[in-house]
Amino acid sequence: MEENEKFLEDLDNKLWTSADKLRSNLDAAVYKHVVLGLVFLKYVSDAFEERRKELLEQFKDPEHDYYLGGDEELETEELEIRDYYTEKNVFWVPALARWDTLQSCAKLSSGAEINIKNEKIDTYKMVSVGRLLDDAMEAIEKDNPKLKGVLTKDYARLQIESGKLGELIDLIATIPFRHKTLKAKDILGHVYEYFLGEFASGEGKKGGQYYTPKSIVTLIVEMLEPFQGRVYDPACGSGGFFVQSERFVEEHGGRIGQLSIYGQESNPTTWRLACMNMVIRGMDFDFGKEFADTFTRDLHPDLRANYIMTNPPFNMKEWGGEYLKDDPRWKYGLPPTNNANFAWMQHMIYHLAPNGSLALLLSNGSMSSNTNNEGVIRKSIIESDLVECMIALPGQLFTNTQIPACIWFLTRNKEAYNENRARKGETLFINARDLGYMKNRVLRDFDYDKDILRIANTFHAWKKGDGYEDEPGFCKSVDIDYIRKHEYVLTPGRYVGVADLKDDVEPFEEKMEKLTKDLSKQFKESAQLETNIRVNLLNVGYEIE
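Our subject in this report is the structure included herewith.

Calculation criteria
Residues numbered from 1 in each chain as written. Predicted model: local features only at pLDDT ≥ 70, side-chain atom pairs only at ≥ 80, totals over all residues. Heavy atoms only, no water. Axes fitted to C-alpha atoms, helices over the stretch in contact; angles between N-to-C directions. Helix = DSSP H or I, 4+ residues; strand = E, 2+ residues; numbered from the N terminus. Parallel < 35°, antiparallel > 145°, perpendicular 65-115°, else oblique. Contact = heavy atoms within 4.5 Å. Nonpolar A, V, L, I, M, F, W, Y, C, P; charged D, E, K, R; others polar. Expected span 1.5 Å × (residues − 1). Pairing = 2+ DSSP bridges. Phe/Tyr/Trp six-rings, centres within 6.5 Å; stacked < 30°, edge-to-face > 60°. Buried < 20%, exposed > 50% of the residue type's maximum accessible area, 1.4 Å probe, protein only. Lys NZ or Arg CZ within 6 Å of the ring centre and 35° of its normal.

1. Quick notes on the packing of helix 6 (residues 129–143) against helix 7 (residues 162–172)
Then comes step 1: Their axes nearest at 8 Å, the elements helix 6 and helix 7 cross at an angle of 55°. The orientation of helix 6 with respect to helix 7, classified from their angle, is oblique. Side by side, helix 6 and helix 7 meet where Val129, Gly130 and Leu133 of the first sit next to Ser162, Leu165, Gly166 and Ile169 of the second.
Then comes step 2: Per-class residue counts for the contact of helix 6 with helix 7 are four nonpolar, three polar and no charged.

So this is what it looks like as structure tokens:
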């Protein structure tokens, strides 16, 4: 495992450093689509080529149903039949978009012509590398309706120098397709995810709109444990929660496809990133036919999801609440028109299945605010016994905001169910403000073993009633009467108290005697030092009064 991590870390650094050198004058927000579009092309082309090699072996194998009797001309023709690829859920890649075609054509001069053999032979006239990439993306979309309108086709418009694009293609071609333990899909998926994170850091505040730090995503997934069923993210960004959920399923012995993935995203470029992110990992998904606003145009109105998780924009002001006053989603109270926090929460509760659970990242203000009906809504949700766990997070976890944040965990079912004990009227509070480490000068992160598993294991032990104990300063289980006494404020610090100070076992009297002796010795040394300085200064003609 460590060897794999080292391999991926070295690959990340090498690719990012090289790709960044080729950035030229483009800012990170634009360059992101240039690079990630090429990584996508490399992935679909490699997956296609892998299936192509597999087919060729089957065509030549007398024991296989696809054996073609050694007829090489027929084998070549059959390799271009799309059904062989779609039967294995492999995207059909037209000849123009195949990686070896792109890599060789990128070195041709403008005006050169090449023959593209695909069902029929066409001639392609080279204009520029940017135009070539746009045409390749167009060809993929044309042959794969699910990708219509998803792929980046801006390479020519950006007017990036053909030489630079050619170098970038050669660089991405070095992503190793084969590894003794890692699959090509995992390697490319990892590179895609790493680049998303690096671009988000480079874009600063704006980048956070599509990227939630991996450690936060991992923490939420480890707590919700989405193993089977419908998973929904109403502000899905680049799809990080889905990727981590599928990873969770695979790591726990499940298989890809056990989860049905539903998402929605209002930002058109982010919606495209999310679609590509799913395709790269071979994940089926429903993000609607296009980008859309979750509040004003719910793309999944009848969905009841088993797991819902999201990281919406904090304290969103302009969300259209004034046009949605009679919306059936506001069961617990009308959300204020100048803050969408409790609109997001009620939208998620509305879409939750009878035994479903949700996790929602919000600013800390959501735990205590009483302005504009927020206190009324929070009280109603608490009295409905939906709140299962509250976590206060440390600062500096996000690239886009310094606002202190928390995670709400809600559930519709606190009865004994699925190996969990009955816990009606109970809520667990966890104060994680002192956890984590500084990964650089400005960003904090969680360590998987020390922090993420500590929080997740505490939560699961509490749910199962197996080895859980309150820990001053970190966690406490309380009943709803105790929350009522605190006027429905959910800030964990109010409930968990302060950590016990460790007793150093040394008696107070002995400790004071030792400290006073040390201090007396230091006073004497100080006095002697002052005397020496006065004498030395006097010897050179300066006297201190």
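2. Topic: helix 17 (residues 508–539)
Then comes step 1: Across its 32 residues, helix 17 extends 47 Å between first and last C-alpha, which sits within 8% of the 46 Å expected from 1.5 Å per residue.
Then comes step 2: Gly541 sits one or two residues past helix 17 and shows a positive phi near 100°.

3. Structural notes on the sheet that holds strand 4 (residues 259–263)
Then comes step 1: Read from one edge to the other, the open sheet built from eight strands follows the order 4-3-5-6-8-7-9-12, with strand pairing classed as mixed. In the strand order of this sheet, the two ends are held by strand 4 and strand 12 (475–479), each with one partner. Ignoring which end each strand starts from, the neighbouring axes of this sheet average 15° apart.
Then comes step 2: Sheet analysis places strand 7 (residues 387–392) next to strand 9 (residues 426–431), joined by four bridges and oriented parallel. Each residue of the ladder has a partner; that of Ile391, found in strand 9, is Ile430.
Then comes step 3: Strand contacts of helix 12 (residues 341–350): strand 3 (229–233), strand 5 (305–310), strand 6 (352–363) and strand 8 (405–411), with the helix running at about 160° to strand 6, the strand carrying the most contacts.
Then comes step 4: Contacts from helix 14 (residues 448–464) reach strand 7, strand 9 and strand 12 within the one sheet, and its direction differs from that of strand 9 by about 165°.

4. Looking at the packing of aromatic side chains
Then comes step 1: For the structure shown, the criterion picks out 16 aromatic pairs.
Then comes step 2: Ring geometry for Tyr85 against Trp92: centres 5.3 Å apart, planes inclined by 65°, an arrangement best described as edge-to-face. For the residue pair Tyr85 and Trp92, the accessibility class agrees, reading buried in each case.
Then comes step 3: With a centroid separation of 6.3 Å and an interplanar angle of 20°, the aromatic rings of Phe459 and Trp462 are classed as stacked. Of this pair, Phe459 and Trp462 both sit in helix 14, separated by three residues, roughly a single helical turn. Each member of the pair, Phe459 as well as Trp462, is classed as buried.
Then comes step 4: Taken together through their ring pairs, the aromatic side chains of Phe295, Trp319, Trp330 and Trp344 make up a single cluster.
Then comes step 5: Here Arg98 stacks its cationic end above the ring of Trp92, 5.5 Å away from the centre of that ring.

Read these as geometric descriptors, not functional statements.
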